[in-house]
Amino acid sequence: MLVLDLDGTVCLGDTPVLLYAERVAAFTAAPEALLEATEAFLGQRLPETAPKTLTGAQDGYEAVKIMGLTAGASEEQLSAAYVSSRAAISEHPGDIHTPEGLVDLLGGIDAHRVVLTNSPGGSGLDAILEHLGVRDVVDEVLADALKPTRMIQHLDALLGAAGAAAAPERLMSVGDIWRNDLAPAVERGCVAAYVDAFDRRQGPAHVRAGSFVDLYPAVSDWSNDPSSFIAAHPLKESVQC
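Conventions we followed
- Residues numbered from 1 in each chain as written.
- Predicted model: local features only at pLDDT ≥ 70, side-chain atom pairs only at ≥ 80, totals over all residues.
- Heavy atoms only, no water.
- Helix = DSSP H or I, 4+ residues; strand = E, 2+ residues; numbered from the N terminus.
- Expected span 1.5 Å × (residues − 1).
- Buried < 20%, exposed > 50% of the residue type's maximum accessible area, 1.4 Å probe, protein only.
- Arc of directions from axis to C-beta.
- Contact = heavy atoms within 4.5 Å.
- Core = buried A, V, L, I, M, F, W, Y, C linked by side-chain atoms within 4.5 Å.
- Phe/Tyr/Trp six-rings, centres within 6.5 Å; stacked < 30°, edge-to-face > 60°.
- Salt bridge = Lys/Arg side-chain N within 4 Å of Asp/Glu carboxyl O.
- Axes fitted to C-alpha atoms, helices over the stretch in contact; angles between N-to-C directions.
- Parallel < 35°, antiparallel > 145°, perpendicular 65-115°, else oblique.
- Nonpolar A, V, L, I, M, F, W, Y, C, P; charged D, E, K, R; others polar.

> Whenever I open this one, helix α5 (residues 75-88) confuses me. Can you help?
For an α-helix, 3.6 residues make a turn, and residues three or four places apart therefore share a direction. If you check α5, its first and last C-alpha atoms are 20 Å apart, about what 14 residues at 1.5 Å a residue would give, namely 20 Å. The set of residues buried in α5 consists of Leu78, Ala81, Tyr82, Ser85, Arg86 and Ala88. Viewed along the axis of α5, the buried residues span an arc of 155°, placing them on a single side of the element. Taken together, the buried residues of α5 touch α1 (15-25), α4 (60-70) and α7 (123-132).

Okay, structure coming up:
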């Protein structure tokens, strides 16, 4: 069973974060400053004087959230901005795309393929999957996942649905946010594949790389023989493919 995060893993591109930033900025007194800082973060051009909380953000969404809260936006406004931004993607897909070769990879492996995302279900999510062209190579989509709070429950449910023969190593979780996608998998004894695009090295994984593309061989090897794979790739703090 291959569990895939959406944003930053299956879905690449700056458009979703920029749409979110536009809506968060509307709740602040200096919207242009927030938008400029978002673009700088995405381009990895933040000045050395930027707060550590911002330079250490796990992805663009977290960076925007940090800036929005600092600028006075409330948690409720941030939530509303996120939902609105996801719905807007159906009309403004912009630069969203999959990592090169992902459709071929997913189509060629013997595994139940699940997209598990915090994105709300509905037209916005449907539009993303349609635009990315992954509908035919994904078996299940779980939206509103509330990662990391409910990630353990999702993993347990997926393993349970696979039957008694589904040992934990038969589930690989791939994601770019360690605490959301990988820490729960590690806790359950599942395989953790870390897409560490910003080189954060937040915690242990069985395999780690700066892009999902570089993890494709590991995904293929795991799908062929999960038990041999996990034996050959012991859990390490900073393992690199």
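Next comes the rest of the write-up.
> Sorry if this is basic, but what is going on with the nonpolar core here?
Within soluble globular proteins, side chains that are nonpolar tend to cluster in buried spots. Among the nonpolar cores identified, the biggest contains 36 residues, and Leu2, Leu6, Leu132, Met172, Val174 and Phe212 are the most heavily contacted of them. Only β1 (2-4), α6 (102-108), α7, β4 (172-175), β5 (191-195), β6 (207-209) and α10 (216-224) provide two or more residues apiece to this core. Discounting residues that sit within four places of it in the chain, Leu132 has contacts with Leu6, Val10, Cys11, Ile96, His97 and Thr98. Counting 19 residues, the second largest nonpolar core, distinct from the first, contains Tyr20, Val64, Ala73 and Ala81.

> Before we go on, may I ask you to explain the packing of aromatic side chains in this structure?
Aromatic ring pairs are described here by two measures, namely the spacing of the ring centres and the angle between the planes. For the structure shown, the criterion picks out five aromatic pairs. Geometrically, the ring pair formed by Phe41 and Phe198 is tilted, given 5.3 Å between the ring centres and 35° between the ring planes. Of this pair, Phe41 sits in helix α2 (residues 31-42) while Phe198 sits in the loop between β5 and β6, and the two are 157 residues apart along the sequence.

> Can you help me understand unusual backbone geometry in this one?
With the exception of glycine, the majority of residues adopt a negative phi angle, and the majority of peptide bonds are in the trans configuration. Across the junction of Lys147 and Pro148, the peptide omega takes the value 0°, indicating a cis bond. By secondary structure assignment, the location of Pro148 is in the loop between β3 (140-142) and α8 (151-161). In the Ramachandran plot, Leu146 falls in the positive-phi region, its phi being about 55° despite a non-glycine side chain. Tracing the backbone through its elements, the reader meets Leu146 in the loop between β3 and α8.

> Even after reading the chapter, I still don't get the pattern of salt bridges, so can you show me in this structure?
Scanning all chains against the criterion turns up 14 salt bridges. Notably, a salt bridge pairs Asp7 with Arg86, separated by 2.9 Å at the nearest N-O pair. On the criterion of sequence distance, the pair formed by Asp7 in the loop between β1 and α1 and Arg86 in helix α5 is long-range, its members being 79 residues apart. Take Asp7: its relative accessible area is 13%, and that puts it in the buried class. Of the residues examined, Arg86 reaches a relative accessible area of 1% and is grouped as buried. Of the charged contacts in the structure, one is a salt bridge between Arg135 and Glu130, with a shortest N-O distance of 2.7 Å. The exposure class of Glu130 is exposed, given its relative accessible area of 52%.

> Just to check I follow, could you spell out the packing of α1 against α4 for this structure?
Each packed pair of helices is defined by two parameters, the angle between the axes and the distance between the axes. Look at α1 against α4: their axes get within 9 Å of each other, and the N-to-C directions meet at 10°. As far as their axial angle goes, α4 and α1 are roughly parallel. Across from Pro16, Val17, Tyr20, Ala21 and Val24 in α1, the residues of α4 making contact are Gly60, Tyr61, Val64, Lys65 and Gly68. Its residues assigned to classes, the contact of α1 with α4 comprises seven nonpolar, two polar and one charged.

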